[in-house]
Amino acid sequence: MADVTLGEEIAWLAVRLAGTASPETRIHCPGETGGSPWVRMKVDDPRLAAYFRVMDATLGSWHGNNAYASCAQAVCGVLACTVETDIAPWSSEGGASDNQDTMHAWMLARPDLYQHIGAVKSEAELQPGDIMYMKGHIAIYVGEAMARRKWPATDGNVFEAAFHLGFYPGIDRYDDFTAHPQFGPIDVTRPIARRQNPRFPFPEYEALL
């Protein structure tokens, strides 16, 4: 994509890393472990191969919580490639990949990199790459048009994984952007700048896709 905004770069990477797109069935972490961050289980599925490579090159390499089937870590892996590598480690290692609450607080504390939009009334107020935080969940708005660049028949518009269900990342359909039926009100943060002089060098993620 030529002359893309930072948000569009984030959204397009997220779309390419997703293993499925609505109305497809999501890919589930096998066994009883679900998306446990303590197990970090991979599946032998070519649809997720690029996602695993990117996660291993970012959170996995920089002392982060490399939980593959978990919402915060999937979002963090995308941000580590596009906005800042500093977010990738565990908080005990100087980053914020622990969970969605830690990541949200991290972004709010860095207005030079993230603009806090807050609550929105409709999808029309969102831009591709916006981060959607809820109490218990976090996701990336990509927009239906961006998702259809990879999946022409999809109606999906949001990139998300799901620790509580053990789902690897996919593109799902949201119609209500004021509140999630399970997790409540949605708070939006918009990445606006790429960190200069990051702690870790940005990966050449295109080579991993």
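The following refers to the structure shown. Please read all numbers here as calculations on a predicted model, not as lab measurements.

**A short note on the pattern of salt bridges**
No. 1: Evaluated as defined, the whole model comprises ten salt bridges.
No. 2: Where R16 meets E206, a salt bridge forms, and the shortest distance between an N and an O atom there is 3.0 Å. Of this pair, R16 sits in helix α1 (residues 6–17) while E206 sits in the segment after β8 (187–191), and the two are 190 residues apart along the sequence.
No. 3: Judged by relative accessible area, which is 19%, R16 ranks as buried.
No. 4: Residue R195 is joined to D86 by a salt bridge in which the shortest nitrogen-to-oxygen separation is 3.7 Å. Of this pair, R195 sits in the segment after β8 while D86 sits in the loop between α3 (71–82) and α4 (100–108), and the two are 109 residues apart along the sequence.
No. 5: Since its relative accessible area comes to 19%, R195 is described here as buried.
No. 6: With relative accessibility at 14%, the residue D86 sits in the buried group.
No. 7: Connected via shared salt-bridge partners are E144, R148, R173 and D175.

**Some words on unusual backbone geometry**
No. 1: Of the consecutive residues S22 and P23, the connecting peptide bond is found in the cis state with omega at 10 degrees.
No. 2: Along the chain, the position of P23 falls in the loop between α1 and α2 (49–57).
No. 3: Even without a glycine there, the phi angle at H63 is positive, about 60 degrees.
No. 4: In this model, N197 sits at a positive phi of 55 degrees, which is unusual for a non-glycine residue.
No. 5: The residue N197 is located in the segment after β8 in this model.
No. 6: For N197, a relative accessible area of 76% translates into the label exposed.

**Side note on the pairing of strand β2 (residues 131–134)**
No. 1: Both faces of β2 are covered, namely the face carrying I131 and Y133 and the face carrying M132 and M134.
No. 2: Note that β2 and strand β3 (residues 137–141) share four bridges and pair antiparallel. Of the residues in β3, the one forming a bridge with M134 is H137.
No. 3: Hairpin connection, β2 to β3: the antiparallel pair is bridged by two residues, and G136 has positive phi, about 110 degrees.

**Focus: the pairing of β8**
No. 1: Burial of β8 is extensive: five of the five residues sit out of reach of the surface.
No. 2: Of the pairings in the sheet, the one linking strand β1 (residues 114–118) to β8 comprises four bridges and is antiparallel in character. Residue pairing in the sheet places Q115 in a bridge with R190 of β8.
No. 3: Where β2 lies against β8, three bridges are found, and the strand directions are antiparallel. Looking at β8, one finds that Y133 is bridged to D187.

**Description of the environment of D98**
No. 1: Structurally, D98 can be placed in the loop between α3 and α4.
No. 2: Spatially, the C-alpha atoms of D98 and A67 are 9.5 Å apart, while their sequence positions differ by 31 residues.
No. 3: Excluding residues that lie within four positions of it along the chain, D98 makes contacts with N65, Q73, W90 and S91.
No. 4: A distance of 2.7 Å separates a polar atom in the side chain of D98 from the backbone nitrogen of S91.

**As for the packing of aromatic side chains**
No. 1: By the definition in use, this model includes six aromatic pairs.
No. 2: Here F52 and Y168 contribute two aromatic rings whose centre-to-centre distance is 5.8 Å and whose plane-to-plane angle is 85 degrees, an arrangement assigned as edge-to-face. Of the two residues, F52 sits in helix α2 while Y168 sits in strand β5 (residues 167–172), which places them 116 residues apart along the sequence.
No. 3: What makes Y168 buried here is its relative accessible area of 0%.

**Let's talk about the sheet that holds β2**
No. 1: One open sheet accounts for six strands, arranged β1-β8-β2-β3-β4-β5; its pairing is antiparallel. Each edge of the open sheet is held by one strand with a lone partner, namely β1 and β5. Across the sheet, the mean angle from the axis of one strand to that of its neighbour is 25 degrees, orientation sign disregarded.
No. 2: Running over the sheet, α1 touches β3, β4 (158–162), β5 and β8 and is turned about 110 degrees from β3.

Conventions adopted
- Residues numbered from 1 in each chain as written.
- Predicted model: local features only at pLDDT ≥ 70, side-chain atom pairs only at ≥ 80, totals over all residues.
- Heavy atoms only, no water.
- Salt bridge = Lys/Arg side-chain N within 4 Å of Asp/Glu carboxyl O.
- Helix = DSSP H or I, 4+ residues; strand = E, 2+ residues; numbered from the N terminus.
- Buried < 20%, exposed > 50% of the residue type's maximum accessible area, 1.4 Å probe, protein only.
- Pairing = 2+ DSSP bridges.
- Contact = heavy atoms within 4.5 Å.
- Polar contact = N/O pair within 3.5 Å; in protein donor to acceptor, adjacent residues only side chain to side chain.
- Phe/Tyr/Trp six-rings, centres within 6.5 Å; stacked < 30°, edge-to-face > 60°.
- Axes fitted to C-alpha atoms, helices over the stretch in contact; angles between N-to-C directions.

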